[in-house]
Amino acid sequence: MSVIKYWGKRDEKLILAMNESISVTFDPTHLCTTTTVAVSPVFDRDRMWLNGKEMSLSGRRYQNCLREIRARANDVEDETKGIKIAKNDWEKLHVHISSNNNFPTAAGLASSASGFACLVFALAKLMNVQEDNGKLSAIARQGSGSACRSLHGGFVKWVMGKEEDGSDSIAVQLVDEKYWDDLVIIIAVVSSQQKETSSSSGMLQTVETSTLMEYRAKEVVPKRVIEMEEAIKNRDFSTFARLTCAENNQFHAICLDTSPPIFYMNDTSHRIISCVEKWNRSVGTPQAAYTCDAGPNVVLMARDREAATLLLRRLLFHFPPNSTDIDSYVVGDKLILKDAGVQNINDVESLPPPPEIEDDVLNYKYKDEIRYFICTRPGKGAVLLTDESQALLDPETGLPK
Ligand SMILES: Nc1ncnc2c1ncn2[C@@H]1O[C@H](COP(=O)(O)OP(=O)(O)OP(=O)(O)O)[C@@H](O)[C@H]1O
Ligand SMILES: C[C@@](O)(CCOP(=O)(O)OP(=O)(O)O)CC(=O)O
């Protein structure tokens with residue numbers, strides 16, 4: 001999830017951004033894409049299944065990734081399995097790909113980022129590509145811009161680069177996932193519906209019509225990127241939160257400045273943001289930061305575990321579940337729920353109103369507005385899974401299990 005937003009391309013084909021951006025990779029224990037790739041001389045064409053449903057690989061973005069990886073393939077030999085594939089064979093061989101996201105796809109939770117990063121990583125492993133994650137990121141970028149940042153864990157920056165061919169427009173890790181381990185992330189899944197305006201077409205419309213866009217890319221973001229890098233390296237939560245929230249609000253402002261206007265956040269997103277703003281103001285120093293991508297889901301980042309439990313108590317007070325099933329309402333790192341002193345629906349119902357609310361408390365309860373919460377933290381980047389039982393393709397048929 002980005003904290004400095006990528007929005008606007010300077011090159012549509014190569015997917016080169018108008019400004020640099022920074023993201024944090026979520027812990028794959030809680031949110032991840034799993035991709036299995038297989039090769040066989042009996043496969044007659046490249047095929048892919050996404051969340052169990054076959055989809056076309058004919059789109060330019062998939063073709064670009066496949067071509068770039070094939071061009072870097074090497075000999076593969078595994079005597080125990082009786083496999084021998086020469087470098088030049090890869091051009092003729094076809095692959096089967098199966099990928100699952102364990103979180104909503106195309107709903108503004110960066111599924112394209114996670115998906116293309118995982119796809120490029122998996123294909124690179126299959127074809128014994130020797131490039132490091134930086135070089136692979138330039139390939140993932142051609143699948144989806146934000147994907148270049150998702151091969152790495154922790155906090156990651158997508159550098160602009162200067163080369164015409166985009167070869168130096170790559171992602172670099174700023175700090176790894178353990179560096180800032182105080183940070184707790186709570187995602188409010190407001191909707192798992194596919195969004196109306198895809199990021200790709202939305203940002204194109206913004207570049208074409210928003211008069212604020214150029215000012216943002218040239219004047220605002222370059223300074224913010226420097227400040228944000230400093231804040232991350234110093235684990236300076238107050239600066240980090242101020243910049244993250246300001247970035248979110250400016251991103252959605254330029255969406256609104258687009259013609260026709262693009263609305264990604266909804267009333268629920270606004271309510272969550274107001275709740276965090278009120279709390280931060282009442283304490284005097286930021287306790288949590290908020291950000292949304294191209295959809296209404298809100299990613300909240302809390303200063304530390306203590307702040308995360310206070311945040312979760314506020315969220316559950318304002319947005320109680322519709323059913324009594326608290327277990328499927330707060331998923332991921334459930335220890336935060338326990339630390340927040342909430343075990344069941346009775347605990348939710350008896351949560352006291354947050355002290356910063358002086359007005360009529362009844363006006364501040366919104367049942368049924370949030371589908372569920374995911375508690376997580378910064379996590380590692382792409383990894384190779386060796387446990388064959390986790391494979392999504394049947395080794396006999398090459399089809400999804
Ligand atoms: N696991 C995956 N493997 C390969 N491609 C994927 C995967 N998951 C999603 N995608 C691709 O990404 C597309 C969704 O991207 P889109 O930008 O619309 O949504 P998003 O990434 O969830 O949201 P955002 O980038 O705005 O946060 C899908 O239609 C599919 O083409
Ligand atoms: C709002 C964003 O999530 C936009 C992501 O856009 P995509 O990477 O999905 O767009 P394409 O490059 O056209 O595939 C902000 C961000 O991730 O920085």
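Within an unreviewed UniProt entry, the label attached to the chain reads Diphosphomevalonate decarboxylase, and the organism entered is Datura stramonium. In UniProt, the chain has this text filed under Function (unreviewed entry): "Performs the first committed step in the biosynthesis of isoprene-containing compounds such as sterols and terpenoids." The annotation that UniProt attaches to the chain under Catalytic activity (unreviewed entry) is "(R)-5-diphosphomevalonate + ATP = isopentenyl diphosphate + ADP + phosphate + CO2".

Report on the packing of helix α7 (residues 267-283) against helix α8 (residues 305-318), specifying residues and quantitative values.
Each pair of packed helices gets described by two things: the angle between the helix axes and the distance between those axes. In the contact formed by α7 and α8, the axes pass within 11 Å of each other and the chain directions differ by 135°. The pairing of α7 with α8 is recorded here as oblique in orientation. When you trace α7 past α8, the crossing you get is right-handed. Between α7, through I272, C275, V276 and W279, and α8, the contact on the second element is made entirely by A307, L310, L311, R314, L315 and H318. A class-by-class count of the residues in the contact of α7 with α8 yields 8 nonpolar, 1 polar and 1 charged.

How would you summarise the site of ligand 2 if you had to cite specific residues and measurements?
Around ligand 2, the structure places 18 residues, and the nearest of them are Y6, K9, R61, S144 and S146. Measuring from an oxygen atom of ligand 2, one finds a side-chain N or O atom of S200 at 2.7 Å. Measuring from an oxygen atom of ligand 2, one finds a side-chain N or O atom of D293 at 3.1 Å. Considering ligand 2 on its own, with 460 Å² of exposed area, one finds that the protein chains cover 96% of that surface. Broken down by element, the shell around ligand 2 gets its largest block of residues, 3 residues, from helix α4 (residues 199-209). Of the residues belonging to the shell around ligand 2, the class tally is 6 nonpolar, 7 polar and 5 charged.

A description of the site of ligand 1 should follow, citing residues and the corresponding values.
Taken together, 19 residues surround ligand 1, and among them Y62, S99, S112, K195 and S199 come closest. One of the side-chain N or O atoms of S111 is found 2.8 Å from an oxygen atom in ligand 1. Put simply, the parts of the chain that give the shell around ligand 1 at least two residues each are β6 (47-50), β10 (94-101) and α2 (111-126). Residues belonging to the shell around ligand 1 are distributed by class as follows: 8 nonpolar, 9 polar and 2 charged.

Mind laying out the sheet that holds strand β17 (residues 372-376), listing which residues take part and the relevant values?
One open sheet holds the 5 strands; their spatial order is β14-β15-β13-β17-β16, and the pairing between them is mixed. In this open sheet, the two strands that pair with only one neighbour each are β14 (288-291) and β16 (330-332). Sheet twist, expressed as the mean angle between neighbouring strand axes with direction ignored, is 25°. Bridging between strand β13 (residues 184-189) and strand β15 (residues 298-302) involves 5 bridges; their strand directions are antiparallel. If you follow A188 over to β15, its bridge partner there is V298. Across the sheet, helix α6 (residues 237-256) is in contact with β14 and β15; its angle to β14 comes to roughly 25°. Across the face of the sheet, α7 comes into contact with β13, β14 and β15 while running at roughly 155° to β14.

Before we move on, can you summarise the packing of α2 against helix α3 (residues 133-140) with the specific residues and values?
In contact at an axis separation of 9 Å, α2 and α3 are set at 120° when each is read in the N-to-C sense. The angle between α2 and α3 falls in the class oblique. Crossing of α2 over α3 shows right-handed handedness. Residue-level contacts link F116, A117, V120, F121 and A124 of α2 to N133, L136, I139 and A140 of α3. The class makeup of the residues in the contact of α2 with α3 is 8 nonpolar, 1 polar and no charged.

Reading the values: the criteria
- Residues numbered from 1 in each chain as written.
- Chains lettered and ligands numbered in written order.
- Predicted model: local features only at pLDDT ≥ 70, side-chain atom pairs only at ≥ 80, totals over all residues.
- Heavy atoms only, no water.
- UniProt positions renumbered as here; feature names shortened; annotations may be inferred.
- Axes fitted to C-alpha atoms, helices over the stretch in contact; angles between N-to-C directions.
- Helix = DSSP H or I, 4+ residues; strand = E, 2+ residues; numbered from the N terminus.
- Parallel < 35°, antiparallel > 145°, perpendicular 65-115°, else oblique.
- Left-handed = near helix turned anticlockwise from the far one by under 90°.
- Contact = heavy atoms within 4.5 Å.
- Nonpolar A, V, L, I, M, F, W, Y, C, P; charged D, E, K, R; others polar.
- Near = heavy atom within 4 Å.
- Polar contact = N/O pair within 3.5 Å; in protein donor to acceptor, adjacent residues only side chain to side chain.
- Areas by Shrake-Rupley, 256 points an atom, 1.4 Å probe, with all protein chains shown as cover.
- Pairing = 2+ DSSP bridges.

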